[in-house]
Each structure stands twice: as structure tokens, then as C-alpha cells.
Amino acid sequence: MASRLVIRDVDAGYGAVRVLHGVSLEVREGETVALLGTNGNGKSTLINCIMGIVRPDAGEITLERDGQRMELIGRAPEEIVHLGITLVPEGRRLFPKLTVEENLLLGAFRDGARRDIPRNLAFCFEAFPVLQSRRKQLAGNMSGGEQQMLAIGRALMAAPTILLVDEPSVGLAPVLVNRVIAKIKELKDRYRLTVLMAEQNFNQATKIADRGYIIVHGQIAFSGATAELREHELVKKYYLGV
Amino acid sequence: MFSLDLFLNALAAGVLLGGFYAAVSLGIAVSFGLLDIANLAHPVFVMFGAYLVYTMNSRFGMDPILAGVLFTPLFFVLGALLYQLYYASFERKGAESLRGLVFFFGILFIVEVGLLLQFGVDYRLVEARYIGESLHLGPVGLPFRLLIPCVAGVSLTALLYLFLSRTFYGRAIQGVAQDAFALRLMGANPFKVKRLAFALASATASVAGALLIMIGPVEPAMNREYIGRAFAVTVLGGMGSIGGTLVAALMLGVAESLTATFYGPAWGVAVSFGVLLLALAVRPSGLFGR
Ligand SMILES: Nc1ncnc2c1ncn2[C@@H]1O[C@H](COP(=O)(O)OP(=O)(O)OP(=O)(O)O)[C@@H](O)[C@H]1O
Ligand SMILES: [Mg+2]
């Protein structure tokens, strides 16, 4: 099932404030794409446009699958989830008074995911063993890092074809960032999962990304393969402090 | 005067009463405990259920429990419609808390007056072959009119527990008040999830009504005393914990029965608030709060 996410000339904002200006971006089957930008540049806004949480004022967001084109703008978040796109949201948004296991099972709510629960649960537990040993613990009582793992695990339970991750490294110790990033890479290799990841942590994101986009003040300032990004002026200026 | 027999009988009656209190409280445990909707009108739905059962029983001689079960689809639909109205009028506008309370008080009043006009203030009761009989275990007598409601109440509780903990919609109902936005990211529509929950909560009222009128004669204003009991049980049980609701209901039943036996029945309803205040002083999140 070849699927591709195409964003074309999207403008979006909140009330009178325009945040995104003509953003175009593409994520192809099996790719991991990094959306890089510092605070307040519009990463979450773009991700939220894809999920149907923020409605763009102009532009197109299409999911192409097996030669079919589906417009995503105007669909509710739950419909977009049913199309196989899931989000690990900023701030994790777990159900704090449900257990780890209940959170994971809620992740498999969409029809397309229920069949594969045993397989996906096994993968989550293998990827993040702490989730298995804390199965019966309330999500709200987990540490920040554990919660981030649970948030990723819960999104994987939906058996997505495209996974959106909004800043997986935020609030995590470097060693945990490494682990989470390594697991996302493993997912991509094993299941040909397509990933769009918003990140500020340039070095971590470029470890696993095939390509990247740099967003500055709501516009794509640069895009290219990971190696090119490392060489680029803007990157040196904004991220590497050179 | 204290005697062991009297104590054991009061204890047994309390446990049986508690099983029935659980049935009445389930609707509040779901609507108030899980959805944050203070449905004051639930006990009056229970009364409405009791009168429908009364009608079927007095007209057609139908078994009360059977009648209660037969009316559940009606209550399910009424609950769904009521939630839809509540949602459109208050929740969508973010004005639910205080005005929502007034809304449900209004519903309570309308239904209560409707019952008064239709059935009057006289006490009504149902008849069934088994109602006057008792099961005897040594010195303890278990009257069927209490035993059956207890068994039915505990069964209803178990069914709801299984639904909430084992099904996808059940888990969604548990999660919806914690983070409705996150639930959308799981692919569920929070409005539909809440409507289903509210409809199920309302459907329990018809069975609880059958149990109520089996225990003793009813009159329309009786719903008032169950408001206090059901909210006390819900808070004490830990706001939406179904197992907690059952335990809290049993505790309340026993406390009430012992007080009524040894100090007089007038203390009945006061006991529920006494138990509630005492328990919350010790454990503010309720006995089984998460
Ligand atoms: N709900 C909202 N209402 C109004 N303005 C908003 C809202 N959400 C974001 N903004 C504004 O939009 C701009 C872009 O925010 P966005 O959250 O997309 O940035 P970001 O790149 O994800 O930043 P961060 O790395 O801090 O998460 C910011 O100026 C922010 O203040
Ligand atoms: Mg952000």
C-alpha cells in the first residue's frame, strides 16, 4: 500500500494571526522526514493542520494511496486517524487515570487496528520494556520519559501507515532521546512506517531522517537530504551556533 | 436492646439493600463520576421506571424484573436524546457546570410533576408470587423482595463493569472526561462516546426502578432521597469506579440498616451523608479513587 502525504501552499493561523505562509512539504512512502525549527516557528501548527485540528485558510493537504487522492482538509481528526495517520501529540496527552495497558488498548480504537493488537502490543513491550513491567500502573504516575514512550507506543497501537511525532525529545534525558529515536528508526526499517517528525533537536533528528525541512517564521526556509542540511548556512546559524 | 439475631438480620438486610443501592447509583457513577455531568434527574428516571413497571404489572400481571428489562431500550433512547439536548444547550458552549445543574433540576421537576399528575400521591406497589417469601439461613431471614433486587443490582453492576473494562467503547468512556482531545486522536468521537455512556447510564434506571418498586411501595417524590444516596455512593466509591460504587453502596446499605434497627428509621438518609463526610475526611479521593 503505497501512500504519500503532500502538503501544498498551506496558509494557516489562529484568528487574525497568520502562522504558516505557503508551506509545501511532502512525505513519501517509507521515508522519515524531519521538520526542524526553533520555538514558535509553526511546527505544531503544521502537524495540527494535517491532523484536522487546525483548519488551513488556503492550500491542499492530500493523502495519496494506491493511486487515489484524498483531500484531508475539512475532515475531523477522528476521520484522519481512520485513514491510518496517527499523531504523538505535543505534551503527550495520555489518559492519566487509565493504566498503561488501557492507554495502549485505547490506541487501537480504530477499526483497522483491532486485528493486530497482539502483534503491536508485543512490539511496544519489546521496544519499551518499561511499559510491560508497568502495565498496571496509572499513566499519570509514570515519569516524563516513560510517558513519552507510552505516547509513542499508544500511537503505534493504531497500526498507522503514517506516524506524525511532535517533538519526541522534549523533556527527555539525552540517553532516552537516543533510545526513542533509535526505536522510531527501527519501526521505519521493520514496518516501512512513514514518519514525519517535528523537532528542535537537530542532531538527534538528522540521525534518523532521510530528508528535512527547516521552518522559519512559518515558511520553509530550506529543504534537502540530511547531508545537505548539515552543510547549509541556515542550519549552521540556527542550530549549530557556528 | 442489642441481640445477636437482631444484629445479624439488620446486617443481612443492609447488604441486600446495598446491592439495590448499587443499581440506583450506577447511573450517577457513570454520568457524574465518568462524564462530569451532575445528572440530578437520574433518580427521577428510576421513579419513572418504577411506574412503568407498575403499569405493566397491574394491567397485564407482567413480572416486574422482566418489565424493567423490557423498558431499557426506551430509557437508552431517552438518555441519548437528553444528552443531545444537554450538549447542544450547555456543554458545547462550555457553560455546563452551574447551568447544567439547573437544567437537570428542571428535568427532575417536570418528570416528578408528570408522575404526580398521572399516578397521584398514593403509594403504588407491584405483585409477584415470590415477593412475600423469604429464604432462611439459621436465624437470618432473607426476604425475596430484598434478595432479588440485590442479586439483580449486583448483576447489573458486573455487566457494566465488564462493558467498561473489556470493550473499546467502554475504555473510551473511561477516558473521555480525562482528555476528550486525546480521544479524538485515537479515532473516537467524544460526543458519540459521551452520548453512548449517558444512554447506558439512563438505561440502568429502568431496571433500578423495577427493583425499587419490588422492595416497597413508591410515590413520586421519593426520588429526592435517592439523589443524596446515589451521589454519596458515587463520591465515596471513587468517582466512576464501578467496583468502588458497589462497595460504597454495600457500606451505605449496612450503615443505614444498622442505624434504622438500633436508633430508628428516621435516621436513614442522614446516615448516607454522615458516612460520606466521614469517609471523605479520611480519604478525599473516595475509597477507590484513581
Ligand atoms: N491555539 C493557538 N492560538 C493562538 N496562537 C497560537 C496557538 N497555537 C500556537 N499559536 C502561535 O502560533 C505560533 C506557532 O506556534 P507552534 O506551536 O506551531 O510553534 P512550534 O514550532 O511548534 O513551537 P514549539 O517548538 O515551541 O512547540 C506561535 O507564535 C504561537 O504563539
Ligand atoms: Mg510545537
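Our structure is the block above this text.
The structure displayed is predicted, hence computed values, not measured ones.

Trainee: Can you walk me through empty space enclosed by the protein in this structure?
Mentor: Empty space among the atoms becomes visible once a probe the size of a water molecule is rolled across them. Summed over all chains, the structure comprises 2 cavities of 30 Å³ or more. Of the voids in this model, the largest cavity is the one considered here, and its volume is about 40 Å³. Contributing to the lining of the largest cavity are Thr86, Leu87, Gly107, Arg154, Ala155 and Ala158 of chain A together with Leu185 and Met186 of chain B. Taken together, the residues of the lining of the largest cavity break down into 5 nonpolar, 2 polar and 1 charged. Space inside the second largest cavity adds up to approximately 30 Å³.

Trainee: So what exactly am I meant to see when it comes to the packing of aromatic side chains here?
Mentor: How two aromatic rings sit relative to each other is given by the distance of their centres and the angle of their planes. Residue and element names in this part refer to chain B. Under the counting rule described, the total for this entry stands at 19 aromatic pairs over all chains. Between Tyr83 and Tyr87, the aromatic rings sit 6.1 Å apart at their centres with planes inclined by 35°, giving tilted as the arrangement. Of this pair, Tyr83 and Tyr87 are both found in helix α4 (residues 72–89), 4 residues apart, which corresponds to roughly one turn of the helix. With relative accessibility at 1%, the residue Tyr83 sits in the buried group. Since its relative accessible area comes to 25%, Tyr87 is described here as partly exposed. Aromatic pair Tyr86 and Phe90: ring centres 5.9 Å apart, planes at 40°, arrangement tilted. Assessed through its relative accessible area of 2%, Tyr86 is described here as buried. Within the aromatic cluster, the residues linked to one another by ring pairs are Tyr83, Tyr86, Tyr87, Phe90, Phe103, Phe104, Phe191 and Phe198.

Trainee: Would you mind going over the interface of chain B and chain A with me for this structure?
Mentor: One frequently used descriptor of interface size is the decrease in accessible area upon assembly of the parts. Between chain B and chain A, the residue contacts involve 18 residues of the former and 27 residues of the latter. With both sides pooled, the region where chain B packs onto chain A buries about 2,200 Å², and carbon together with sulfur makes up 67% of that total. In terms of surface lost to chain A, no three residues of chain B exceed Phe168, Met186 and Arg290 of chain B, which account for 34% of the buried area on that side. Taken together, chain B and chain A are joined by 2 salt bridges. For the interface between chain B and chain A, the tally reads 4 residue pairs in polar contact (both at pLDDT 80 or more). At the level of elements, α7 (168–176) and α8 (180–185) of chain B are the ones that each hand at least two residues to the side of chain B that touches chain A. Element by element, the count of residues in the side of chain B that touches chain A is highest for α7 of chain B, at 6 residues.

Trainee: I tried to follow the layout of surface pockets on my own but got confused; where do I start?
Mentor: Residues and elements named next belong to chain B. Each pocket or cavity is described by its volume, and for the largest pocket that value is around 650 Å³. Split by residue class, the lining of the largest pocket holds 10 nonpolar, 11 polar and 7 charged. Approximately 420 Å³ is the volume found for the second largest pocket. If you trace the second largest pocket, you find 21 residues lining it, with Leu17, Tyr21, Tyr226, Arg229 and Glu256 closest to the centre.

Trainee: Any chance you could explain the pairing of strand β2 (residues 17–27) of chain A here in plain terms?
Mentor: Two faces make up the sheet, and in a regular strand the side chains alternate between them. Sheet topology places strand β1 (residues 3–14) of chain A next to β2 of chain A; 7 bridges connect them, and they run antiparallel. Following the sheet pairing, Gly13 of chain A is matched in β2 of chain A by Arg18 of chain A.

Trainee: I would appreciate a short explanation of helix α1 (residues 4–34) of chain B in the present structure.
Mentor: Every α-helical turn comprises 3.6 residues, leaving residues that sit three or four positions apart pointing alike. Ser25 of chain B marks where α1 of chain B bends most, by close to 40°. At the C-terminal side of α1 of chain B, Asp36 of chain B shows a positive phi close to 65°.

Trainee: Sorry, what's going on with the pattern of salt bridges here?
Mentor: Once the charged atoms of two side chains with opposite charge are near each other, the side chains can pair. Evaluated as defined, the whole model comprises 23 salt bridges over all chains. As a salt-bridge pair, Arg69 of chain A and Glu60 of chain A come within 3.8 Å of each other at their nearest N and O atoms. By relative accessible area, which is 53% here, Arg69 of chain A ends up exposed. Taking relative accessible area as the criterion, Glu60 of chain A reaches 32% and is therefore assigned partly exposed. The salt bridge involving Glu112 of chain B is made with Arg224 of chain B; its shortest N-O contact spans 3.0 Å. Separated by 112 residues along the polypeptide, Glu112 of chain B in helix α5 (residues 97–119) and Arg224 of chain B in helix α10 (residues 223–236) bring together distant segments of the chain. Given a relative accessible area of 8%, Glu112 of chain B falls into the buried group.

Trainee: What's the story with the side chain of Asn57 of chain B in this structure? I'm lost.
Mentor: All names here are of chain B. By the secondary structure assignment, Asn57 is in helix α2 (residues 42–60). Taking the relative accessible area as the measure of exposure, Asn57 reaches 8% and is therefore buried. Within polar-contact distance, the side chain of Asn57 engages the backbone oxygen of Met62 at 2.9 Å. Polar contacts involving the side chain of Asn57 include one to the main-chain carbonyl oxygen of Glu127, which spans 2.8 Å. With sequence-adjacent residues up to four places away left out, Asn57 is seen in contact with Met62, Pro64, Val126 and Glu127.

Trainee: How do you make sense of the coordination of the magnesium ion (ligand 2) when you look at a structure like this?
Mentor: All names here are of chain A. Only Ser44 (OG) and Glu90 (OE) from the protein coordinate the magnesium ion (ligand 2), and they sit 1.9 to 2.3 Å from it. Of this pair, Ser44 sits in helix α1 (residues 43–50) while Glu90 sits in the loop between β6 (85–88) and α3 (100–107); the two residues are 46 residues apart in sequence, bridging distant segments of the chain. Looking at Glu90, the relative accessible area reads 44%, which means it is partly exposed.

Trainee: Sorry if this is basic, but what is going on with the site of ligand 1 here?
Mentor: All names here are of chain A. Near ligand 1, the surroundings consist of 13 residues, among which Lys43, Ser44, Thr45, Glu90 and Glu167 are the closest. Side-chain polar atom of Ser44 to an oxygen atom of ligand 1: 2.7 Å apart, as the coordinates give it. Its free accessible area being 630 Å², ligand 1 has 59% of it covered by the protein chains. Tallying contributions element by element places α1 first for the shell around ligand 1, with 3 residues. Of the residues contributing to the shell around ligand 1, the split by class is 2 nonpolar, 8 polar and 3 charged.

Definitions and cut-offs
Residues numbered from 1 in each chain as written. Chains lettered and ligands numbered in written order. Predicted model: local features only at pLDDT ≥ 70, side-chain atom pairs only at ≥ 80, totals over all residues. Heavy atoms only, no water. 1 Å grid on protein atoms, 1.4 Å probe; cavity = no way out; pocket = protein on both sides within 12 Å on 5 of 7 lines; lining within 4 Å. Points joined across faces, edges and corners; volume = space filled by probe spheres on them. Nonpolar A, V, L, I, M, F, W, Y, C, P; charged D, E, K, R; others polar. Phe/Tyr/Trp six-rings, centres within 6.5 Å; stacked < 30°, edge-to-face > 60°. Helix = DSSP H or I, 4+ residues; strand = E, 2+ residues; numbered from the N terminus. Buried < 20%, exposed > 50% of the residue type's maximum accessible area, 1.4 Å probe, protein only. Contact = heavy atoms within 4.5 Å. Buried area = accessible area lost by both parts, 1.4 Å probe. Salt bridge = Lys/Arg side-chain N within 4 Å of Asp/Glu carboxyl O. Polar contact = N/O pair within 3.5 Å; in protein donor to acceptor, adjacent residues only side chain to side chain. Pairing = 2+ DSSP bridges. Bend = angle between axes of the 7 residues up to and from the residue. Donors = N, O, S within 2.8 Å, 3.2 Å for Na, K, Ca; no water. Near = heavy atom within 4 Å. Areas by Shrake-Rupley, 256 points an atom, 1.4 Å probe, with all protein chains shown as cover.

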